[in-house]
Amino acid sequence: MQVIDKHTGLFDRIARVYGWFFHRQQSGYQVALKRLSESEDLSSVARVLDIGCGTGALCSVFAKNGYQTSGVDSSQKMLDQAKKKTKGLNIDFQLASIVNDLPFENDSMDLVSASFVAHGLPKDLRMKMLKDMNRISNNLVILIEFNQTRRWYIDIIEWAEHGDYFNFIKTIDNELSTIFTLVKKVELNATSSIYICKKDHE
Ligand SMILES: C[S@@+](CC[C@H](N)C(=O)[O-])C[C@H]1O[C@@H](n2cnc3c(N)ncnc32)[C@H](O)[C@@H]1O
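Everything quoted here is computed from the prediction, not taken from an experiment.

Novice: Is there a simple way to explain the site of the ligand in this structure?
Specialist: Close to the ligand lie 19 residues; Gln 25, Tyr 29, Gly 52, Asp 73 and Ser 115 are nearest. Within the side chain of Gln 25, one N or O atom sits 2.6 Å away from an oxygen atom of the ligand. The separation between a nitrogen atom of the ligand and a polar main-chain atom of Ile 98 is 3.0 Å. When the free accessible area of the ligand is taken as 590 Å², the share hidden by the protein chains comes to 95%. Of all the secondary-structure elements, those providing two or more residues to the shell around the ligand are helix H1 (7-19) and helix H2 (22-39). Counting residues per element, the shell around the ligand draws most heavily on H1, at three residues. Here the residues of the shell around the ligand sort into nine nonpolar, eight polar and two charged.

In structure tokens:
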């Protein structure tokens, strides 16, 4: 039996409203991909998987830039929005939860990403996701996530959401370095960074 986690219900409820911000998110992720390509040689990247893809903004940027793109999410309603918002683009969306092992072979992707997913998960599930990202990628793993710069409005939203943000910003650097061989942080804006990791081939 597939186990679906408790966060899914929340995202099922807010999917339509979340979708209102799709184009704004898309612009931000286009900048993120540019910054990533300035930092890393992406010439050998062809297959990309985005975990917790939500309404598909990051997937759409990957697909528009020519990558063979897959996205998974545990919320059917978020995926319904994603399919609507990315009509015309060739993206493979699948319903799957990181609570279970994701349905992708070892080393089957050149880049595996997760944007604003990790801080919302309890540490044990976050570590499980990071290990599964390491298993599926044959090269790059990236998180687009909050960095350590605090803002009062982010504190309030994250306090209300009951995620793991306050621990996440303290522990993520150390958590990443226990799984990946190289970690580089590229600033995206005042409060977010791209955490760039390389697969640990051990
Ligand atoms: C804050 S949203 C971010 C969505 C998208 N990555 C973005 O940047 O807009 C977090 C996403 O993680 C998904 N999620 C939460 N728990 C999950 C799980 N166990 N497995 C897969 N996706 C999950 C939610 O359904 C939601 O779409």
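Novice: Explanation requested: the pairing of strand E5 (residues 137-146) in the structure shown.
Specialist: Each regular strand carries side chains that alternate between the two faces of the sheet. Taking burial as the measure, the 10 residues of E5 include eight buried ones, the bulk of the element. The pairing of strand E4 (residues 109-115) with E5 spans six bridges and is parallel. Looking across to E5, one finds that Ser 115 is bridged to Ile 144. In this fold, the crossover linking E4 to E5 by way of helix H5 (residues 123-136) has right-handed handedness.

Novice: Help me understand the packing of aromatic side chains, please; the structure alone is not making it clear to me.
Specialist: For any pair of aromatic rings, the description consists of the separation of the ring centres together with the inter-plane angle of the planes. Within this structure, the stated rule accounts for six aromatic pairs. Ring geometry for Phe 11 versus Tyr 18: centroids 6.4 Å apart, planes at 70°, classification edge-to-face. Judged by centre distance (6.2 Å) and plane angle (85°), the ring pair of Phe 62 and Tyr 67 falls under edge-to-face. Ring pairing ties together the aromatic residues Phe 116, Phe 146, Tyr 165 and Phe 166, which thus form one cluster.

Novice: Even after reading the chapter, I still don't get the nonpolar core, so can you show me in this structure?
Specialist: Ranked by internal contacts, the top residues of the largest apolar core, which has 32 residues, are Ile 51, Met 129, Met 133 and Leu 143. For this core, the elements supplying multiple residues, two or more each, are strand E1 (47-51), E4, H5, E5, helix H7 (165-179) and strand E7 (192-198). The residues contacting Leu 143, other than those within four sequence positions of it, are Ala 114, Ala 118, Met 129, Leu 130, Met 133, Ile 172, Leu 176, Ser 193, Ile 194 and Tyr 195. Judged by nonpolar contacts, the second largest core, of 21 residues, contains Phe 22, Leu 42, Leu 111 and Ile 194.

Novice: Please clarify how the packing of H2 against helix H3 (residues 57-64) should be interpreted in this entry.
Specialist: When two helices pack together, you describe them by how their axes are tilted relative to each other and by the distance separating the axes. Interhelical geometry of H2 versus H3 gives an angle of 50° and a closest axis separation of 8 Å. When the axis of H2 is compared with that of H3, the two are oblique. Handedness of the H2/H3 crossing: right-handed. Here Phe 22, Gln 25, Gln 26, Tyr 29, Gln 30 and Leu 33 of H2 lie close against H3, whose contacting residues are Ala 57, Leu 58, Ser 60, Val 61, Phe 62 and Lys 64. By residue class, the composition of the contact of H2 with H3 is seven nonpolar, four polar and one charged.

Novice: Honestly, the sheet that holds strand E6 (residues 182-189) in this entry has me stumped. Any pointers?
Specialist: Pairing between the strands of a sheet is mediated by backbone hydrogen bonds and can be parallel or antiparallel. In space, the seven strands of this open sheet follow the order E3-E2-E1-E4-E5-E7-E6, with mixed pairing throughout. In the strand order of this sheet, the two ends are held by strand E3 (91-95) and E6, each with one partner. With direction set aside, neighbouring strand axes in the sheet form an average angle of 20°. Across the sheet, H3 touches E1, strand E2 (68-73), E3, E4 and E5, and the angle it forms with E2 is around 170°. Against the sheet, H5 touches E1, E4 and E5, its axis set at about 145° to E5.

Scoring rules and cut-offs
Residues numbered from 1 in each chain as written. Predicted model: local features only at pLDDT ≥ 70, side-chain atom pairs only at ≥ 80, totals over all residues. Heavy atoms only, no water. Near = heavy atom within 4 Å. Polar contact = N/O pair within 3.5 Å; in protein donor to acceptor, adjacent residues only side chain to side chain. Areas by Shrake-Rupley, 256 points an atom, 1.4 Å probe, with all protein chains shown as cover. Helix = DSSP H or I, 4+ residues; strand = E, 2+ residues; numbered from the N terminus. Nonpolar A, V, L, I, M, F, W, Y, C, P; charged D, E, K, R; others polar. Buried < 20%, exposed > 50% of the residue type's maximum accessible area, 1.4 Å probe, protein only. Pairing = 2+ DSSP bridges. Right-handed = clockwise from strand over helix to strand, strands pointing away. Phe/Tyr/Trp six-rings, centres within 6.5 Å; stacked < 30°, edge-to-face > 60°. Core = buried A, V, L, I, M, F, W, Y, C linked by side-chain atoms within 4.5 Å. Contact = heavy atoms within 4.5 Å. Axes fitted to C-alpha atoms, helices over the stretch in contact; angles between N-to-C directions. Parallel < 35°, antiparallel > 145°, perpendicular 65-115°, else oblique. Left-handed = near helix turned anticlockwise from the far one by under 90°.

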